[in-house]
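Now for the letters of each chain:
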Amino acid sequence: MTDMSLSKQVVPVITTVSTMKAEKSTRSNLAYAAFILFCFWVGTQILSLMVHAPGVLEHLAQGNDATRPRIEMGFAISTVFGLVPFLAGCVLLGVVCLVMRIHHRHHF
């Protein structure tokens, strides 16, 4: 005999939607929060290292090539050319996300 299967059900099945949240979502949220806190802690440790030893970043940026001139970069210059563009990019990305969220809420 021929087996015939349909992609959609002929008789609709009534499904109940549960309003209770699963216990796993709480655990995953706590794990995510702990991960984010760990990332912030690592970031503060790196920033603290760079503040207390400002020559570290400049030393790492220098290559071992002796033909290149040695660049002495102060803390203010490295902040202006490093931290400020990063923060400006983060603000720009945040504004774009906020505009998209507002646009999505008002059009749907």
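Residues numbered from 1 in each chain as written. Predicted model: local features only at pLDDT ≥ 70, side-chain atom pairs only at ≥ 80, totals over all residues. Heavy atoms only, no water.

Caption draft 1: Up close: the overall build of the protein. A tally of helices and strands in the protein yields three helices and zero strands. For the protein, the N- to C-terminal ordering of α and β elements is α-α-α. Across the 108 residues that make up the protein, the buried fraction comes to 2%. Carbon and sulfur atoms form 70% of the exposed surface of the protein, whose accessible area is close to 10,800 Å². (Helix = DSSP H or I, 4+ residues; strand = E, 2+ residues; numbered from the N terminus. Buried < 20%, exposed > 50% of the residue type's maximum accessible area, 1.4 Å probe, protein only. Areas by Shrake-Rupley, 256 points an atom, 1.4 Å probe, with all protein chains shown as cover.)

Caption draft 2: Geometry of helix H3 (residues 75-107). With 33 residues, H3 extends 47 Å between its outermost C-alpha atoms, agreeing within 8% with the 48 Å of an ideal straight helix rising 1.5 Å per residue. Leu83 marks where H3 bends most, by close to 25°; the proline Pro85 follows one to four residues later. (Expected span 1.5 Å × (residues − 1). Bend = angle between axes of the 7 residues up to and from the residue.)

Caption draft 3: Just a nonpolar patch on the surface, in detail. On the surface, Ile71, Met73, Ile77, Val80 and Phe81 cluster together to form a nonpolar patch covering roughly 500 Å² of accessible area. Relative to the assigned elements, Met73 resides in the loop between helix H2 (55-61) and H3. Note on Met73: relative accessible area 36%, which makes it partly exposed. (Patch = residues over 30% accessible without salt bridge, like charges linked within 9 Å, V, L, I, M, F, W, Y side chains within 5 Å. Salt bridge = Lys/Arg side-chain N within 4 Å of Asp/Glu carboxyl O.)

Remember that the coordinates give geometry; whether it matters functionally is a separate question.
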